[in-house]
Amino acid sequence: DQRKDFAKGLGIIEARAASLNRFLQAYRQLAQMPRPALARVQLRPLLERIAALEVRLTVKVDPGPDATLMIDLDQFEQMLINIVRNGADAALQSDHVPAGAAPEVEIRWEARDNAVLIEVMDNGPGLLNPENAFVPFYTTKAGGSGIGLVLSRQIIEAHGGSIQLVNRGGERGCAAQISIPLAESSQRAS
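Residues numbered from 1 in each chain as written. Predicted model: local features only at pLDDT ≥ 70, side-chain atom pairs only at ≥ 80, totals over all residues. Heavy atoms only, no water.

Attention shifts here to the sheet that holds strand β7 (residues 174-181). With mixed pairing, 5 strands are arranged side by side in an open sheet as β2-β4-β5-β7-β6. Two strands close off the open sheet at either side, each with one partner strand: β2 (59-61) and β6 (162-167). Averaged over all pairs of adjacent strands, the angle between their axes in this sheet comes to 20°, without regard to strand direction. Note that strand β5 (residues 115-122) and β7 share 7 bridges and pair antiparallel. Bridging from a neighbouring strand, Met121 pairs with Ala175 of β7. (Pairing = 2+ DSSP bridges. Helix = DSSP H or I, 4+ residues; strand = E, 2+ residues; numbered from the N terminus. Axes fitted to C-alpha atoms, helices over the stretch in contact; angles between N-to-C directions.)

Let us look at helix α2 (residues 43-53). Looking only at α2, the buried set comprises Leu43, Leu46, Leu47, Ile50 and Ala51. Projected down its long axis, α2 shows its buried positions confined to an angular sector of 135°, all on one face. Summarising the contacts, the buried residues of α2 are in contact with β1 (39-42), β2, β3 (68-71), α3 (73-91), β4 (105-112) and β5. (Buried < 20%, exposed > 50% of the residue type's maximum accessible area, 1.4 Å probe, protein only. Arc of directions from axis to C-beta. Contact = heavy atoms within 4.5 Å.)

Before going further, it helps to examine the nonpolar core. Soluble globular proteins: nonpolar side chains tend toward being buried together. Core analysis: the largest hydrophobic core is formed by 35 residues, its most contacted members being Phe76, Val116 and Ile118. At the level of secondary structure, the elements contributing two or more residues to this core comprise α2, β3, α3, β4, β5, α4 (148-158), β6 and β7. Per-element tally for this core: the top contributor is α3, with 8 residues. Sequence-distant contacts of Ile118, that is, excluding residues within four places in its chain, are made with Leu43, Leu47, Phe76, Ile107, Arg108, Trp109, Ala176, Gln177, Ile178 and Ile180. (Core = buried A, V, L, I, M, F, W, Y, C linked by side-chain atoms within 4.5 Å.)

Here we take up the environment of Asn114. Along the chain, the position of Asn114 falls in the loop between β4 and β5. The exposure class of Asn114 is partly exposed, given its relative accessible area of 43%. The spatial distance from the C-alpha of Asn114 to the C-alpha of Ile180 is 8.7 Å, given a sequence separation of 66 residues.

For the rest of this paragraph, the subject is the pairing of β3. The alternating pattern of β3 places Thr68 and Met70 on one face and Leu69 and Ile71 on the opposite face, and all of these are buried. The sheet contact formed by β1 and β3 spans 4 bridges and is antiparallel. Residue pairing for β3: Val41 is matched across the bridge by Leu69.

All told, the structure shown has 8 salt bridges when counted by the stated rule. Two residues, Arg49 and Glu77, come together in a salt bridge whose shortest N-O distance is 2.8 Å. Of this pair, Arg49 sits in helix α2 while Glu77 sits in helix α3, placing them 28 residues apart in sequence. Exposure remark for Arg49: the relative accessible area of 38% places this residue in the partly exposed category. Between Glu110 and Arg112 there is a salt bridge whose closest N-O contact spans 2.7 Å. Several salt bridges converge on common partners, so that one network encompasses Glu54, Arg56 and Asp89. (Salt bridge = Lys/Arg side-chain N within 4 Å of Asp/Glu carboxyl O.)

Residue position: Asp122 is located in strand β5. No salt bridge is formed by the buried Asp122; its nearest oppositely charged neighbour, Arg168, is found at 6.2 Å. Of note is the side chain of Asp122, whose polar atom sits 2.8 Å from the backbone nitrogen of Gly124. Setting aside residues no more than four positions away along its own chain, Asp122 makes contact with Gly87, Ala90, Ala91, Glu104, Val105, Arg168, Arg172, Gly173 and Cys174. (Lys, Arg positive; Asp, Glu negative; His and termini not counted. Polar contact = N/O pair within 3.5 Å; in protein donor to acceptor, adjacent residues only side chain to side chain.)

We now examine the pairing of β7. For β7, the buried fraction is high: 7 of the 8 residues fall into the buried class. Bridging between β6 and β7 involves 6 bridges; their strand directions are antiparallel. Among the inter-strand pairings, Leu165 is bridged to a residue of β7, identified as Ala176. Joining the antiparallel neighbours β6 and β7 is a turn of 6 residues, in which Gly170 adopts a positive phi near 80°.

Have a look at this one:
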């Protein structure tokens with residue numbers, strides 16, 4: 001009995017140590033975000049490439065206007081991958097998909113003044129508490145770290161933009177709305 005208790009105790013210690021290590025690695029990643037190394041990037045090919053990375057479902061890309069952004073390609077791609085993956089995760093929650101409906105994620109964009117609004121929409125269950133979405137280490141996913149959206153916000157704000165999550169009015173799901181200055185606007189502001 002003592003050996004079983006000892007083994008059980010060691011198992012608990014091991015699990016807590018692994019959890020603490022994941023927490024510390026996530027915190028380190030959050031605290032060490034480098035400044036963006038900006039370059040001119042065409043938006044359409046970038047969004048098409050990000051959509052193709054999601055293999056669990058087809059991500060629809062609705063063509064918008066030609067747009068050039070001044071972004072750190074690596075950081076911006078990671079932010080978009082996080083957002084698309086979150087949308088796919090939500091859409092694929094089988095207990096929330098109505099009968100006959102297929103899981104969907106859609107990306108679209110439009111020009112607004114000197115910026116572009118990118119929307120990544122899903123037909124998942126939506127958000128119960130949108131205010132918590134950007135709280136560090138808050139997650140509703142089993143095994144989630146709770147830093148994906150926080151990193152995404154940090155990345156977009158470092159690029160002079162903003163991000164918000166809203167439930168889709170009149171439709172199922174959530175929309176991530178990302179606003180970022182056009183390249184010409186970024187250069188004038190510099």
